[in-house]
Amino acid sequence: AQSVTQLDSQVPVFEEAPVELRCNYSSSVSVYLFWYVQYPNQGLQLLLKYLSGSTLVKGINGFEAEFNKSQTSFHLRKPSVHISDTAEYFCAVKGGSEKLVFGKGTKLTVNP
Amino acid sequence: GAVVSQHPSRVICKSGTSVKIECRSLDFQATTMFWYRQFPKQSLMLMATSNEGSKATYEQGVEKDKFLINHASLTLSTLTVTSAHPEDSSFYICSGTGDALGNTIYFGEGSWLTVV
């Protein structure tokens, strides 16, 4: 079985500052990793995913994440955030044909 | 990108009644659909997985007779909450995938259910 730990439940940051949202996973098999964003009262939107290949994955809205197998991490980063990035971010892991398992989420608040 | 549409986005129903939420894949064939429940400020909890034409597979602790899931076509899955109670009030989200490994998953916008 897979599990996901999002180390920070809330991350406040000022506009134009860099941000990193941390995600660690555990799995006994090879995994696929995902980051989703959820704006208030809305569904989930895929930011990026790692399936194979390059460990640095670029997604939408200027976000990127790096898969680190030795540290079992998949941290999400953005060099300069905007007010509009304020949302809940979910890291998710999937092992092969197993179901998608979500972390508890990190609420990113971008302050002016 | 592919779109999954949920309807209604908000619904209020009386205790004891049933309510149906629809999930449609608009531009792809969703061979597998998933239904999640999300409590305020919490993560998504998978309720069940449904494959088109088959009975849904429910997660442990989810009452299959209370949360009826139908996936009769490749573009439509429905969740019916039967004999609803106030504790069933929640945000319900569906998602769908059409690829064999299920690594490309599209989520609906979610449906708020309030049982009064």
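Along each chain, residues carry numbers from 1 onward, in the same order as the chain's sequence is written. Throughout, the order in which chains and ligands are written sets their labels, letters from A for the former and numbers from 1 for the latter. For a predicted model such as this one, the threshold for reporting local features is a pLDDT of at least 70, and the threshold for listing and counting side-chain atom pairs is 80 or more; totals across whole chains, interfaces and linings nevertheless cover every residue. With hydrogens and water set aside, each side-chain value is computed from the structure's full complement of heavy atoms.

**Focus: the sheet that holds strand S7 (residues 67–73) of chain B**
Residues and elements named next belong to chain B.
Then comes step 1: DSSP calls a pair of strands paired once it identifies at least 2 bridges connecting them. By the criteria applied, helices consist of DSSP H or I runs no shorter than four residues and strands consist of E runs no shorter than two, each listed in order from the N terminus. Here four strands make up an open sheet; going across it, the order is S1-S3-S8-S7 and the pairing antiparallel. Since the sheet does not close on itself, it has two edges, and those belong to strand S1 (4–7) and S7, each with one partner. If you compare each strand with its neighbour and ignore which way they point, the axes differ by 15 degrees on average. The axes are straight lines fitted to the C-alpha atoms, using for helices just the contacting stretch, and the angles between their N-to-C directions are given from 0 to 180°.

**What about the state of the cysteines?**
Then comes step 1: Note on terminology: pairs of cysteine sulfur atoms within 2.5 Å are recorded as disulfides. By the definition in use, this model includes two disulfides over all chains.
Then comes step 2: Bridging Cys23 of chain A to Cys91 of chain A, the disulfide has an S-S length of 1.9 Å. Sign of the S-S torsion, about -65 degrees for the bond between Cys23 of chain A and Cys91 of chain A, identifies this disulfide as left-handed. Of this pair, Cys23 of chain A sits in the loop between strand S3 (19–21) and strand S4 (24–26) while Cys91 of chain A sits in strand S10 (residues 87–95), and the two are 68 residues apart along the sequence. Both residues of the pair, Cys23 of chain A and Cys91 of chain A, count as buried.
Then comes step 3: One disulfide bridge connects Cys23 of chain B with Cys94 of chain B, the sulfur atoms lying 1.9 Å from each other. Disulfide Cys23 of chain B-Cys94 of chain B: the torsion about the S-S bond is 80 degrees, which places it as right-handed. Placement of Cys23 of chain B in strand S3 (residues 19–25) and of Cys94 of chain B in strand S9 (residues 90–97) is noted, with a sequence separation of 71 residues between them. Three labels apply to residues, based on accessible area from a 1.4 Å probe with only protein chains included: buried if under 20% of the type maximum, exposed if over 50%, partly exposed otherwise in between.

**Observations concerning the nonpolar core**
Then comes step 1: Membership of the largest hydrophobic core comes to 29 residues, with the highest contact counts inside it found for Leu33, Trp35, Leu47, Leu48, Phe74, Leu76 and Tyr89 of chain A.
Then comes step 2: Residues count as neighbours in contact if any of their non-hydrogen atoms are within 4.5 Å of one another. When sequence neighbours within four positions are dropped, the list of residues in contact with Leu76 of chain A reads Val19, Glu20, Leu21, Trp35, Leu47, Leu48, Phe63, Glu64, Ala65 and Tyr89 of chain A.
Then comes step 3: With 24 residues, the next largest nonpolar core counts Val4, Cys13, Trp35 and Tyr58 of chain B among its residues. Buried residues of nine kinds, namely Ala, Val, Leu, Ile, Met, Phe, Trp, Tyr and Cys, make up a nonpolar core once their side-chain atoms join them within 4.5 Å.

**A closer look at the packing of aromatic side chains**
Two descriptors summarise a pair of aromatic rings, namely the distance from one centre to the other and the angle between the planes of the rings.
Then comes step 1: Side-chain rings of Phe, Tyr and Trp (the six-membered ring for Trp) are treated as a pair once their centres are within 6.5 Å; stacked means planes under 30 degrees apart, edge-to-face means over 60, and tilted covers the remaining angles. Within this structure, the stated rule accounts for 13 aromatic pairs over all chains.
Then comes step 2: Taking 6.2 Å as the distance between ring centres and 20 degrees as the angle between the ring planes, the aromatic pair formed by Phe34 of chain A and Tyr36 of chain A counts as stacked. For the pair formed by Phe34 of chain A and Tyr36 of chain A, the shared burial category is buried.
Then comes step 3: Relative to Tyr92 of chain B, the ring of Phe67 of chain B lies with its centre 6.4 Å away and its plane at 45 degrees, an arrangement referred to as tilted. A residue pair is termed long-range when its members are at least 10 positions apart, and Phe67 of chain B in strand S7 and Tyr92 of chain B in strand S9 qualify at 25 residues.
Then comes step 4: Classification of Phe67 of chain B by relative accessible area gives buried; the value is 6%.
Then comes step 5: Cluster of aromatic residues (ring-pair linked, three or more members): Phe34, Tyr36, Phe90 and Phe102 of chain A together with Tyr36 and Phe107 of chain B.

**Digging into the interface of chain B and chain A**
Then comes step 1: The partner chain A presents 18 residues to the 20 residues of chain B that form the contact.
Then comes step 2: Buried area adds together the accessible area that both of two parts lose upon being put together, with accessible area traced by a 1.4 Å probe. Sorting the residues of chain B by area buried against chain A places Ser43, Asn103 and Phe107 of chain B first, and these three jointly supply 35% of that buried surface.
Then comes step 3: Note on definitions: salt bridges are taken to be side-chain nitrogens of Lys or Arg within 4 Å of carboxyl oxygens of Asp or Glu. In this assembly, chain B and chain A are joined by one salt bridge.
Then comes step 4: Between Lys99 of chain A and Glu59 of chain B there is a salt bridge; the shortest N-O distance is 2.4 Å.
Then comes step 5: Counted as a polar contact is a pair of N or O atoms within 3.5 Å, where, for protein atoms, one must be capable of donating a hydrogen and the other of accepting one, and residues adjacent in sequence contribute only when both atoms are in side chains. Our count for the chain B to chain A interface comes out at five residue pairs in polar contact (both at pLDDT 80 or more).
Then comes step 6: For the side of chain B that touches chain A, the secondary-structure elements that each account for two or more residues are strand S4 (32–38), strand S5 (44–51), S9 and strand S10 (105–107) of chain B.

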